[in-house]
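Observations on the three-dimensional arrangement
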Amino acid sequence: MTARLSFLLSLSCFAVALVAAALLLPDEVPLHFSGSGEPDRWGTRSEALLTMGLVGALLAVVLGASAALADRVPITLLNVPHKDWWTATPERERRMRAMMRADLHVIGAATVLFLTLLVVVTTTAARSEDPALGPVFFLGLACFLVFVVAWTVWSTRTRYRRRDDA
């Protein structure tokens, strides 16, 4: 599966979760949770859907546009390990920009999937007798953070290394 396709599929999952939330959320919805996962701010279903929808749309635009602009951004604005090596030839630069575009799609997909989890967990909490985020949210957060850190470390140490390195 291509990185772009994974980003588009994550956006589809988010849209499905948002539609399900619109159908399932009660009139009063937890809008914010404390560090322990307990709701500390409540609002209306409309406020929750508008907030979640706007955050999702903003992420889709920013992350999607960033990936789309990877080929057009001036090289001076890009930060990549071994930049001099990657920009030494047009072929290398094209490859570097394609890798950066894919990286942005992958990180974007992970971020949108985490946001999708947040919509699902919020909907579940709102319908619960004892509303709280619960272990699924914290496990999802941990997985998201580990993935982003691992992808970043792998990218900087392996993916963007000079190809003439042993």
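The following paragraphs examine the structure supplied in this document. (Residues numbered from 1 in each chain as written. Predicted model: local features only at pLDDT ≥ 70, side-chain atom pairs only at ≥ 80, totals over all residues. Heavy atoms only, no water.)

1. Observations concerning the nonpolar core
F14, L25, L49, M52 and V119 are the most contacted members of the largest nonpolar core, which totals 16 residues. Where this core is concerned, the elements lending two or more residues are α1 (3-24), α2 (45-68) and α4 (90-126). Here F14 is in contact with M52, G56, V112, L115, T116 and V119, once residues within four sequence places are set aside. Among the nonpolar cores identified, the runner-up in size contains nine residues, and F33, A110, L117 and A125 belong to it. (Core = buried A, V, L, I, M, F, W, Y, C linked by side-chain atoms within 4.5 Å. Buried < 20%, exposed > 50% of the residue type's maximum accessible area, 1.4 Å probe, protein only. Helix = DSSP H or I, 4+ residues; strand = E, 2+ residues; numbered from the N terminus. Contact = heavy atoms within 4.5 Å.)

2. Overview of the packing of α1 against α2
Helix-helix packing is characterised by the crossing angle of the two axes and by the distance between the axes. For the pair α1 and α2, the least separation of the axes is 10 Å and the interaxial angle reads 175 degrees. Relative to α2, the element α1 lies roughly antiparallel. Each of F7, L11, F14, L18, A21 and A22 in α1 lies in contact with α2, whose residues at this interface are R45, L49, M52, G53, G56, A60, L63 and G64. Looking at the contact of α1 with α2 residue by residue, the class counts come to ten nonpolar, three polar and one charged. (Axes fitted to C-alpha atoms, helices over the stretch in contact; angles between N-to-C directions. Parallel < 35°, antiparallel > 145°, perpendicular 65-115°, else oblique. Nonpolar A, V, L, I, M, F, W, Y, C, P; charged D, E, K, R; others polar.)

3. Comments concerning the packing of α2 against α4
For the pair α2 and α4, interaxial distance at closest approach is 9 Å and the crossing angle is 170 degrees. Here α4 runs roughly antiparallel to α2, going by the angle between their axes. Contacts between α2 and α4 involve M52, V55, G56, L59, L63, S66 and A67 on the former and, on the latter, R101, L104, H105, G108, T111, L115 and V119.

4. Looking at the state of the cysteines
What the rule picks out here adds up to zero disulfides. C13 carries a free sulfur, and the closest cysteine sulfur to it, the one in C143, is 16 Å from it. (Disulfide = S-S within 2.5 Å.)

5. Here's the deal with the environment of D84
Looking at the secondary structure, you find D84 in helix α3 (residues 83-86). What makes D84 exposed here is its relative accessible area of 67%. With 78 residues separating them along the chain, D84 and R162 place their C-alpha atoms 9.7 Å apart.

6. Looking at a nonpolar patch on the surface
Residues L5, L8 and L9 make up a contiguous nonpolar surface patch of roughly 230 Å² in combined accessible area. Summarising the element assignment, L9 is placed in helix α1. On the basis of relative accessibility, which here comes to 40%, the residue L9 falls in the partly exposed class. (Patch = residues over 30% accessible without salt bridge, like charges linked within 9 Å, V, L, I, M, F, W, Y side chains within 5 Å. Areas by Shrake-Rupley, 256 points an atom, 1.4 Å probe, with all protein chains shown as cover. Salt bridge = Lys/Arg side-chain N within 4 Å of Asp/Glu carboxyl O.)

7. Here's the deal with unusual backbone geometry
Although it is not a glycine, H82 sits at a positive phi angle of roughly 60 degrees. Its place among the elements puts H82 in the loop between α2 and α3. On the basis of relative accessibility, which here comes to 36%, the residue H82 falls in the partly exposed class.

Structural measurements only, silent on function.
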